[in-house]
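The chain contents come next:
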Amino acid sequence: MSKHLIDLVGVRKTFDGEDALKNINLYIRDGEFLTLLGPSGCGKTTTLRLIAGFILPTEGKILIDGQDVSNVPPYKRRVNTVFQKYALFPHLDVYDNIAFGLRIAKLSEDEIDARVNEMLEIVSLKGFENRRTTTLSGGQQQRVAIARALANRPGVLLLDEPLGALDLRLRKDMQNELKRIQQQLGITFIYVTHDQEEALTMSDTVVVMDRGHIQQIGTPEDIYNEPKNAFVADFIGESNILDGVMRDDYLVEFFGRKFKCMDKGFGKNEPVDVVIRPEDIDIVPADAGHLSGTVTSVTFKGVHYDIIVDFKGFKWLIQTTDHQPEGAHIGIKLTPDDIHVMKKTEYSGMYGDYSSYSAEYDEINDPDAVIGEEDEALPQEERDEE
Amino acid sequence: MRRFNRIFTIIVLIFLYVPMIVLAVASFNSGNDIAVLKGFTLSRYSELFRDGVLLPLLGNSLIVAVLSSLSATLLGTMAALGIHAMGKQLRQLTLAVTNIPLTNPEIVTGVSLALLFAFIGQTLKINSILGFFTLLIAHVTFNLPYVILSVLPKLTQMDRDLRDAALDLGCTPIQAFFKVILYEIMPGVISGALMSFTMSLDDFVISYFVYGPNFITLPVEIYNYTKKPLHPKIYALFTLLFITILMVMVLMNLLQARDEKRTNQARRIFSAGRRRVTT
């Protein structure tokens, strides 16, 4: 697990004078399941295509197994790709699609036959050998694409939103299947998706990207529990993001109250972003809470309710299994575990406010709060909700 | 309104096909006068097949048509690949240039080719440059745009990832072309070849300016015939030519229909998956 299989060193990629990737430094360990996660246009597919060799970096180096492959064409790289739209060869049947790479490599027909059958077994497509790919369902085509890419026994399998065109049920099944295949074969997977749930479920390592930059690298738990900035906090799950001030190690102040927290290492009185996950918040009677507010909207989500609570004009999203009627006055309790403190970044103030959830839009208006003095004005026009 | 449409369609079809029907009927008429139907005969056809002049000329026409359509298909497909790989602006510019010969009056193309050949003949000191090769070059020239125009859309329609997938699985760019891309654009290549074949087979205007006395094609010779009263065996020849071209066109349409069905099918499967996700 510890060996670096792929290294991206200071990689920049420019399309028509615009930077798609700015300065990517990333290493991928042998045998890991790494996911590049981000919204469309963040550079994740560009990163994948650079590793595959379909495009070449404008600056920087790509190493595979310690060898510089920055200018090596795709057909000389030990990586294979599963394409979003499968890209199966329509003039070939299932068997010949899977055998394609093996025939190019000039393996003996016996060996090809053995490998194709092995692959059909792995992706559970026995009996489909002679079917035309155009007569298969989306899920089956996806399996053929995976088998075709794996047949060459690549060091790394690159997957570009491979489940993007499948329906929800099939996606879930294929997620498990892919994870099983990856563990069974012990091959490194680099997986591109914009679906945060998919990324958290399947990966050993998640790389969150936005605007051509890597925002955070970590295990799914790290990314979820310890987001580095407001973008990551908002993109991975739901988050209430508040302006706060770090009064001391383990002590943060927001909404005019001081809270104990688990974070340290910030400057004294440094302005920070405070993240509170909607599912961590405990609802208590109004007089028993740290803060109290009014429920302004309730949405039933199946497992839980999404309720929007107005705290002095700032609206929070709270997820609870107990129904709270609209207009109810409730209190909330926060334990140190529930509070996560982040440094201010360019993303501060853009995410994590649920005001647009309600019909009436409230400006942040909190005259009592001590922190108001250090508060940066929220750039309303840049707010990126919905 | 609908009835009017139908009547109108029939009138158009009559205008288009009546001349051919008259010709076909005349080719089976045993009398020499077109206006009088005397009786049914196949003798015009047997005369035609025994004709020592017309048949070799038909052979000439076929040779030029086959060779020119094959060369044009080869060159045109290569050109289409190159044009496809260009940036948007350069591609549009190149296409505009390659399409001009399509709309250029044939007689202008014919005369300018004749001048070009005369010029080359003079500089190379060749006395009679006009002949088989000038004819072939001329036919390839006017066939090229048709091939480019039928191959290029196939390249644009093709899933871009197919080429990447081939490279990814170990193909060099040349292998990727022969093992994957060629199959994808084949319907366009074939229809380009068939189109060139028919254009070349019945070309008269351009051929008239670049043929030499040693190598004459059928349409050119027929033009010479029309100065004298037409022998009815010519009717038989025309009928056969018409049927040949008709068959090529039908074949082309069938191929296109099959191709469309195939791509629609593939698209449907993909979009069905997509739709279910979005709803």
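A few words on the overall build of chain B. Counting its secondary structure elements, chain B contains 11 helices and zero strands. Going from the N terminus to the C terminus, chain B shows its helices and strands as α-α-α-α-α-α-α-α-α-α-α. Over its C-alpha trace chain B gives a radius of gyration of 24 Å, far above what one expects of a compact globule, namely 19 Å for 279 residues. With the principal axes as the frame, chain B shows a C-alpha extent of 70 × 65 × 35 Å. Considering chain B as a whole, with its 279 residues, one finds that 36% of them fall into the buried category. Intrachain contacts of chain B at a sequence separation of at least 6 include 74% that bridge at least 24 residues. Carbon together with sulfur atoms contributes 69% to the accessible area of chain B, which is approximately 16400 Å² in total. Separation of charge centres in chain B, based on 24 positive and 14 negative side chains, amounts to 7 Å.

A few words now on the packing of aromatic side chains. In total, this model carries 23 aromatic pairs over all chains according to the counting rule given. Aromatic side chains phenylalanine 254 of chain A and phenylalanine 259 of chain A sit 4.4 Å apart centroid to centroid with 15 degrees between the ring planes, which places their arrangement in the stacked category. Each member of the pair, phenylalanine 254 of chain A as well as phenylalanine 259 of chain A, is classed as buried. Arranged with centres 5.0 Å apart and planes meeting at 65 degrees, the rings of phenylalanine 132 of chain B and phenylalanine 215 of chain B form a pair that is edge-to-face. Here phenylalanine 132 of chain B, found in helix α6 (residues 132–157), pairs with phenylalanine 215 of chain B, found in the loop between α9 (205–210) and α10 (218–225); they are 83 residues apart in sequence, far enough to count as distant. Grouping aromatic residues by their ring pairs yields a cluster made of Phe204, Tyr208, Phe209, Tyr211 and Tyr223 of chain B. A cation over an aromatic ring shows up here: arginine 277 of chain A above the ring of tyrosine 224 of chain A, its NZ or CZ 4.0 Å from the ring centre.

Moving on: the sheet that holds strand β11 (residues 240–248) of chain A. Residue and element names in this part refer to chain A. Pairing is antiparallel across the open sheet formed by five strands, whose spatial order is β13-β12-β11-β14-β20. At either margin of the open sheet sits one strand with a lone partner, and together these are β13 (257–260) and β20 (339–343). Ignoring which end each strand starts from, the neighbouring axes of this sheet average 45 degrees apart. Across three bridges, β11 lies against strand β12 (residues 251–254) in antiparallel orientation. Residue pairing across strands places methionine 246 opposite valine 252, the latter belonging to β12.

Further remarks concern the interface of chain B and chain A. Taken together, the contacts link 28 residues of chain B with 32 residues of chain A. Carbon and sulfur atoms supply 63% of the area buried between chain B and chain A, which totals about 2600 Å² over both sides. Two residues, arginine 49 of chain A and aspartate 164 of chain B, come together in a salt bridge whose shortest N-O distance is 3.2 Å. Inspection of the region where chain B meets chain A yields five residue pairs in polar contact (both at pLDDT 80 or more).

Let us now look at the domain arrangement of chain A. Residue and element names in this part refer to chain A. On domain assignment, one finds that chain A holds domain 1 (4–225) and domain 2 (238–385). Using C-alpha coordinates to define each centre, domain 1 is positioned 39 Å away from domain 2. Tallying the contact residues gives six residues for domain 1 and six residues for domain 2. In total, about 520 Å² of surface goes out of reach between domain 1 and domain 2, with carbon and sulfur atoms giving 28% of it. Residues arginine 211 and glutamate 346 are paired through a salt bridge, measuring 3.4 Å at the closest nitrogen-oxygen approach. Here domain 1 is connected to domain 2 by five residue pairs in polar contact (both at pLDDT 80 or more). The element best represented in the side of domain 1 that touches domain 2 is helix α7 (residues 220–225), accounting for three residues.

A word on helix α7 (residues 160–168) of chain B. Within α7 of chain B, seven of the nine residues are buried, leaving the element largely enclosed by the surrounding structure. Buried residues belonging to α7 of chain B abut α1 (44–52), β6 (79–82), α2 (94–104) and α4 (138–151) of chain A together with α8 (173–201) of chain B. Of the residues flanking the start of α7 of chain B, the one acting as N-cap is aspartate 159 of chain B, its side-chain oxygen 3.0 Å from the backbone nitrogen of aspartate 161 of chain B. Following α7 of chain B by one or two positions, glycine 170 of chain B has its phi on the positive side, about 110 degrees.

Time to look at the sheet that holds strand β3 (residues 33–37) of chain A. Through backbone hydrogen bonds, the strands of a sheet pair up, either in parallel or in antiparallel fashion. Residue and element names in this part refer to chain A. Overall, mixed pairing links the six strands, which are arranged β6-β7-β8-β3-β9-β10 in an open sheet. The sheet is open, and its two borders are formed by β6 and β10 (213–218), each paired with just one other strand. Across the sheet, the mean angle from the axis of one strand to that of its neighbour is 20 degrees, orientation sign disregarded. Strand direction decides the pairing type here: β3 and strand β9 (residues 205–210), joined by four bridges, are parallel. When the sheet's bridge partners are listed, leucine 34 is paired in β9 with threonine 205.

Moving on, we come to the pattern of salt bridges. Residue and element names in this part refer to chain A. In this structure the tally under the stated criterion is 27 salt bridges over all chains. Glutamate 177 is the salt-bridge partner of arginine 180, the closest N and O atoms lying 3.7 Å from each other. Of the two residues, arginine 180 and glutamate 177 are both situated in helix α5 (residues 168–185); the distance of three residues between them amounts to about one turn of the helix. Taking relative accessible area as the criterion, arginine 180 reaches 34% and is therefore assigned partly exposed.

It is common to give the size of an interface as the accessible area lost on bringing the parts into contact. Residue and element names in this part refer to chain B. Domains assigned within chain B are domain 1 (1–41) and domain 2 (52–249). If you average the C-alpha positions of domain 1 and of domain 2, the two centres end up 31 Å apart. Facing eight residues of domain 1, the contacting portion of domain 2 comprises six residues. Regarding the contact of domain 1 and domain 2, the summed buried area is about 660 Å², with carbon and sulfur atoms giving 80% of it.

What follows covers unusual backbone geometry. All names here are of chain A. Positive phi is not limited to glycine here, since tyrosine 86 has a value of about 70 degrees. Relative to the helices and strands, tyrosine 86 is located in the loop between β6 and α2. Residue class for tyrosine 86 comes out buried when judged on its relative accessible area of 2%. Here the phi dihedral of tyrosine 250 falls at roughly 65 degrees; this positive angle occurs in a residue that is not glycine.

Next up on the list: the nonpolar core. Membership of the largest hydrophobic core comes to 56 residues, with the highest contact counts inside it found for Ile6, Leu8, Leu36, Phe89, Phe100, Leu158 and Ile190 of chain A. Residues Tyr86, Ala145, Ile181 and Ile187 of chain A belong to the second largest nonpolar core, which totals 37 residues.

The next subject is the pairing of strand β8 (residues 188–193) of chain A. Residues and elements named next belong to chain A. Across the six residues of β8, six count as buried, placing the element largely inside the fold. Alignment of β3 against β8, held across five bridges, turns out to be parallel. Paired with phenylalanine 33 across the two strands is phenylalanine 189, which belongs to β8. Sheet topology note: the strand β7 (residues 156–160)/β8 ladder contains five bridges and is parallel. Looking at the pairing, leucine 159 lines up with tyrosine 191 of β8.

Here the focus is the pairing of strand β17 (residues 305–311) of chain A. All names here are of chain A. Burial analysis of β17 places seven of its seven residues in the buried class, which makes it a mostly covered element. Residues Tyr305, Ile307, Val309 and Phe311 of β17 are buried on one face, and the alternating residues Asp306, Ile308 and Asp310, pointing to the opposite face, are buried as well. Across six bridges, strand β16 (residues 291–300) lies against β17 in antiparallel orientation. By the bridge assignment, threonine 299 is partnered in β17 with aspartate 306. In this structure, the hairpin formed by β16 and β17 is closed by a connection of four residues, where glycine 302 is found at a positive phi of approximately 100 degrees. As defined by bridge partners, β17 adjoins strand β18 (residues 314–320) across seven bridges and the pair is classed as antiparallel. Counterpart to aspartate 306 in the pairing with β18 is glutamine 319.

Definitions and limits used
Residues numbered from 1 in each chain as written. Chains lettered and ligands numbered in written order. Predicted model: local features only at pLDDT ≥ 70, side-chain atom pairs only at ≥ 80, totals over all residues. Heavy atoms only, no water. Helix = DSSP H or I, 4+ residues; strand = E, 2+ residues; numbered from the N terminus. Rg over C-alpha atoms; globule rule 2.2 N^0.38 Å. Buried < 20%, exposed > 50% of the residue type's maximum accessible area, 1.4 Å probe, protein only. Contact = heavy atoms within 4.5 Å. Areas by Shrake-Rupley, 256 points an atom, 1.4 Å probe, with all protein chains shown as cover. Lys, Arg positive; Asp, Glu negative; His and termini not counted. Charge placed at Lys NZ, Arg CZ, Asp CG, Glu CD. Phe/Tyr/Trp six-rings, centres within 6.5 Å; stacked < 30°, edge-to-face > 60°. Lys NZ or Arg CZ within 6 Å of the ring centre and 35° of its normal. Pairing = 2+ DSSP bridges. Axes fitted to C-alpha atoms, helices over the stretch in contact; angles between N-to-C directions. Buried area = accessible area lost by both parts, 1.4 Å probe. Salt bridge = Lys/Arg side-chain N within 4 Å of Asp/Glu carboxyl O. Polar contact = N/O pair within 3.5 Å; in protein donor to acceptor, adjacent residues only side chain to side chain. Domains from an automatic or database assignment. Core = buried A, V, L, I, M, F, W, Y, C linked by side-chain atoms within 4.5 Å.

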